Amino acid sequence: MFNKVLIANRGEIAIRIIRACWELGIKTVAVYSEADKRSLHVNLADEAYYIGPAPAPKSYLNIDAILHIAEKAKVDAIHPGYGFLAENPKFARAVKKAGFEFIGPNPNAIEAMGSKINAKKIMKKAGVPLIPGSDKPIEDLDEAIEIAKSIGFPVVVKASAGGGGMGMSVAYNEEELKEVIESAKTIAQNAFGDPTVFIEKYLENPRHIEIQLLADRHGNIIHLGDRECSIQRRHQKLIEEAPSPIMTEELRERMGEAAIKAGKAINYDSAGTVEFLYQDGNFYFLEMNTRIQVEHTVTEMITGIDIVKEMIKIAAGEELSYNQEDIEFKGHAIECRINAEDPLNEFVPCPGKIKLYRSPGGPGVRLDSGVCGGAEIPPYYDPLISKLITYGRDRKEAIARMRRALKEYVIVGVKTNIPFHRAVLEEEDFIKGNINTHYVENKFDKLKDKIYKYELEARDLYSVLSERVFEKSKVIAAVSGGLSMYISQIVRENGEESPIKFKENK
Ligand code: MV4
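A brief structural summary.

Rules and cut-offs
- By convention here, each chain's residues receive numbers from 1 onward along its written sequence.
- Totals for whole chains, interfaces and linings use all residues, but because this is a predicted model, local features are given only for residues with pLDDT of at least 70 and pairs of side-chain atoms are given and counted only at 80 or more.
- For side-chain calculations, the full set of non-hydrogen atoms in the structure is used, while hydrogens and water are omitted.
- Side-chain atoms within 4.5 Å link the members of a nonpolar core, which is a set of buried Ala, Val, Leu, Ile, Met, Phe, Trp, Tyr and Cys residues.
- Here's how the labels work: a residue is buried when its accessible area is under 20% of the maximum for its type, exposed when over 50%, partly exposed in between, all with a 1.4 Å probe on protein chains only.
- Starting at the N terminus, helices and strands are each numbered in turn, a helix being any DSSP run of H or I of at least four residues and a strand any DSSP run of E of at least two.
- In what follows, residue pairs with any heavy atoms lying within 4.5 Å of each other are defined as contacts.
- The working definition used for a salt bridge is a side-chain nitrogen of Lys or Arg within 4 Å of a carboxyl oxygen of Asp or Glu.
- By this definition, two strands are paired if DSSP reports at least two bridges between them.
- What makes a residue near a molecule or strand is one non-hydrogen atom of that residue sitting within 4 Å of it.
- In the analysis that follows, any N or O atom pair within 3.5 Å is treated as a polar contact, provided that within protein one partner can donate a hydrogen and the other can accept it, and provided that, for residues neighboring in sequence, both atoms belong to side chains.
- Accessible areas in this description were obtained via Shrake-Rupley with a 1.4 Å probe; residue shielding takes into account the shown protein chains only.
- In the scheme used here, Gly and all other residues not listed as nonpolar or charged are polar, with Ala, Val, Leu, Ile, Met, Phe, Trp, Tyr, Cys and Pro taken as nonpolar and Asp, Glu, Lys and Arg as charged.
- Axes here mean lines fitted to C-alpha atoms, for a helix over just the part in contact, with angles spanning 0 to 180 degrees between N-to-C directions.
- By this rule, a helix spans an expected 1.5 Å times one less than how many residues it contains.
- As used here, the arc is the angular range of directions from the helix axis to the C-beta atoms.
- Roughly parallel here means an angle under 35 degrees, roughly antiparallel means over 145, roughly perpendicular means 65 to 115, and every remaining angle is called oblique.
- Two cysteine sulfur atoms make up a disulfide if the distance between them is within 2.5 Å.
- Each Phe, Tyr or Trp ring (for Trp, its six-membered ring) is paired with any other whose centre lies within 6.5 Å, and the angle between the two planes then decides the class: stacked below 30 degrees, edge-to-face above 60, tilted in between.
- Whether a charge lies above a ring is judged from NZ of Lys or CZ of Arg, which has to be within 6 Å of the ring centre and within 35 degrees of the ring normal.

Focus: the nonpolar core
Most often, soluble globular proteins keep nonpolar side chains buried together rather than apart. Counting 37 residues, the largest nonpolar core has Ile239, Ile338, Ile385, Leu388, Ile411 and Phe430 as the members making the most contacts within it. At the level of secondary structure, the elements contributing two or more residues to this core comprise β11 (236-242), β14 (332-339), β19 (365-369), β21 (384-392), α12 (395-408), α13 (418-424) and α15 (439-467). Those residues in contact with Ile411 that lie beyond four places of it in its chain are Ile338, Ile354, Leu356, Tyr357, Ile385, Thr416 and Ile418. Ranked by size, the runner-up nonpolar core spans 32 residues in total, among them Phe2, Ile13, Ala30 and Tyr82.

A look at the pattern of salt bridges
Oppositely charged side chains may form a pair once their charged atoms are brought near each other. Counting across every chain of the model gives 44 salt bridges. Here Lys237 ties to Glu210 by a salt bridge, and the two come within 3.4 Å at their closest N and O atoms. Separated by 27 residues along the polypeptide, Lys237 in strand β11 and Glu210 in strand β9 (residues 207-215) bring together distant segments of the chain. Each member of the pair, Lys237 together with Glu210, is buried. We note a salt bridge from Lys450 to Glu426, for which the minimum N-O separation is 2.8 Å. Linking Lys450 in helix α15 with Glu426 in the loop between α13 and α14 (428-432), this pair joins segments that are 24 residues apart in sequence. Owing to a relative accessible area of 23%, Glu426 belongs among the partly exposed residues under this scheme.

Some remarks on the pairing of β11
Among the seven residues of β11, six are classified as buried, and the element is accordingly described as predominantly covered. As consecutive antiparallel partners, strand β10 (residues 221-233) and β11 are separated by two residues, and within that stretch Arg234 has a phi angle of approximately 50 degrees, a positive value. One ladder, built from four bridges, connects β11 with β14; its direction is antiparallel. Its bridge partner being in β14, Glu241 is matched across the sheet by Ile334.

Looking at the site of the ligand
Close to the ligand lie 17 residues; Lys158, Glu200, Lys201, Leu203 and Glu287 are nearest. Here a nitrogen atom of the ligand sits 2.9 Å away from a polar atom, N or O, in the side chain of Glu200. With the chains in place, 92% of the 520 Å² that the ligand exposes on its own is no longer accessible. Those elements giving two or more residues to the shell around the ligand turn out to be β6 (155-163), β8 (197-201) and β13 (282-289). Within the shell around the ligand, the residues separate by chemical class into seven nonpolar, six polar and four charged.

Here we look at the sheet that holds β21
Across the sheet, which stays open at both edges, the eight strands sit in the order β13-β12-β9-β10-β11-β14-β21-β19 with antiparallel pairing between neighbours. For this open sheet the edge positions go to β13 and β19, each flanked by a neighbour on one side alone. Looking at each pair of strands side by side, their axes are set apart by 25 degrees on average, direction ignored. Strands β9, β10, β12 (271-279) and β13 of the sheet are contacted by helix α9 (residues 249-265), whose axis makes an angle of about 105 degrees with β10.

Some words on α9
When the terminal C-alpha atoms of α9 are compared, their 24 Å separation across 17 residues agrees well with the 24 Å that a helix rising 1.5 Å per residue should span. Looking at the buried residues of α9, the elements they touch are α6 (116-126), β9, β10, β12 and β13. Following α9 by one or two positions, Asn267 has its phi on the positive side, about 50 degrees.

Topic: helix α7 (residues 141-151)
Structural remark: α-helix, 3.6 residues per turn; residues separated by three or four positions point the same way. Residues of α7 that are buried include every one of Ala144, Ile145, Ile147 and Ala148, and no others. When α7 is viewed along its axis, its buried side chains cluster within an angular range of 165 degrees and face the same direction. With respect to the buried face of α7, the exposed residues turned more than 90 degrees away are Asp142, Glu146, Lys149 and Ser150. The secondary structure elements touched by the buried residues of α7 are β6, α8 (174-192) and β8. Where α7 begins, one side-chain oxygen reaches toward the backbone nitrogen of Asp142, 3.1 Å away; that side chain belongs to Asp140. Gly152 occupies a position one or two residues after α7 and carries a positive phi of about 90 degrees.

Details of the packing of helix α4 (residues 89-97) against helix α5 (residues 107-114)
Where α4 meets α5, the axes come as close as 8 Å, and the angle between the chain directions of the two elements is 170 degrees. In terms of their interaxial angle, α4 and α5 are classed as roughly antiparallel. Along its contact with α4, which presents Pro89, Ala92, Arg93 and Lys96, the element α5 presents Pro107, Asn108, Ile110 and Glu111. Of the residues assigned to the contact of α4 with α5, the class counts are four nonpolar, one polar and three charged.

Focus: the state of the cysteines
For the structure on display, the rule yields zero disulfides. Left without a disulfide partner, Cys336 is nearest to the cysteine sulfur of Cys229, which lies 13 Å away. Looking at the unpaired Cys372, the closest cysteine sulfur is the one in Cys350, lying at 20 Å. On the basis of relative accessible area, Cys372 is assigned to the partly exposed category, the value being 35%.

Examining the packing of aromatic side chains
If you walk through the whole model with that rule in mind, you get ten aromatic pairs. In textbook terms, an aromatic cluster arises when at least three aromatic residues are bridged by ring pairs, as seen for Tyr60, Phe84, Tyr380 and Tyr381. The ring of Phe329 carries Arg252 above its face, with NZ or CZ at 3.9 Å from the centroid.

Digging into unusual backbone geometry
With an omega dihedral of -5 degrees, the bond running from Phe153 to Pro154 counts as a cis peptide bond. Here Pro154 is to be found in the loop between α7 and β6. Located in the positive-phi region is Lys74, a residue other than glycine, with phi close to 55 degrees. Looking at the secondary structure, you find Lys74 in the loop between α3 (63-72) and β4 (77-79). Residue classification places Lys74 among the exposed positions, given a relative accessible area of 65%. The phi dihedral of Glu346 is positive, around 60 degrees, even though this residue is not glycine.

Spelled out as structure tokens, the structure:
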């Protein structure tokens, strides 16, 4: 096993990896940018080294700077986390070339899944179900029209170098297809430096369901079941759960088998995820993520397996210590991504200083947080503050615990999407499990009022907790928002006479 690991990432995932290392008796090395000098991951790690200015290209994407620290700190391996350099085959190769182990899959597997056309070709050969369409680049318009007619409109034109939703446009007829192809090529060239596009049947109301894989470097591969990831906005996932509300044992077996075929086809050898679109009883390969994912937590809760520890053990050359029959799925888990953003203002990021922080806890609650009170959410990176995960014996209990935990969670100083989550967790179709990838856009008008109500409650808390203003109207607003506990507590601390009478709770 490794003696020391460098974590080439920041925030909650850096902390998640530190925790896995500590449990395995491994020392940890953090790296940080100018913006993260006082971040929690730096504070927690056994050692921490500055790698450059705040913008990611100068720090967390700076391969030379990271390898220089790896040498200086004498680490054995590097974990890339997610985002940044996690799916960059050049980085994985450079890490190995410099003599360190890369805690992730072999670089060829990363590279093979980087091109979406190439991924489709491999999966077709492996017998993984694909969305009808071309597995070749679109050369000219006539060819595209021919394919579109044979699979039927609507169709979608996608960038081969894309992924995660970038460079996708839908056409409902021939005229639209003409316009879309040229613009898709231009967008693909500008965004990825590669104008290659391909065409697929457009599924109008799919669910996004993915399968977690674990594969070792000895040819063993298993799946850890499914996750439902349909609650997203502009390709940013907001809520994930395991299992999917529509999952049956039979469907999980079929999807798991398809995912294992996908993994075997590229000699996969780490934790990875195969994404599927599901519609009308059928599922289709979408893409494969060759990294640890944000939402791995919900799978950990229902399987009892520590996926990050497994990744590290696999990279150290260990064999998987269980096979498929040993994997049991128990209960239900939900994850809410807590972001510093303003849901009522187009979800714009809201970086800033957290003035007051109170984390939820209690039965069935897990909080993977990158912050503590006084922390700064920098404007340079994604605005994820933490991941709140609840577990229950069934979905109903997981939802009840999430609603309760969101109510306990206090973050003062930056706007957060907690009010959004509270609104969704009370919405009828979400509760019924009636969701697809369009849920947030379709339901937003219905959710607005409730988001606003919970924002007001949060705002009252702000005035009560941080300013300690006891203007009568504010206190009454706060009390009506259910905050009398805080007020009475602060009033007592300040030795002041409360402007209103509190009921004695006996
Ligand atoms: C699709 C699709 C419908 N039909 N492909 C978006 C992310 C990118 N990797 C693939 N995506 C989609 N591909 C066909 N043929 C709908 C989406 C899609 C989506 C997929 C997963 C999760 C959220 C999504 C949101 C919008 C569109």
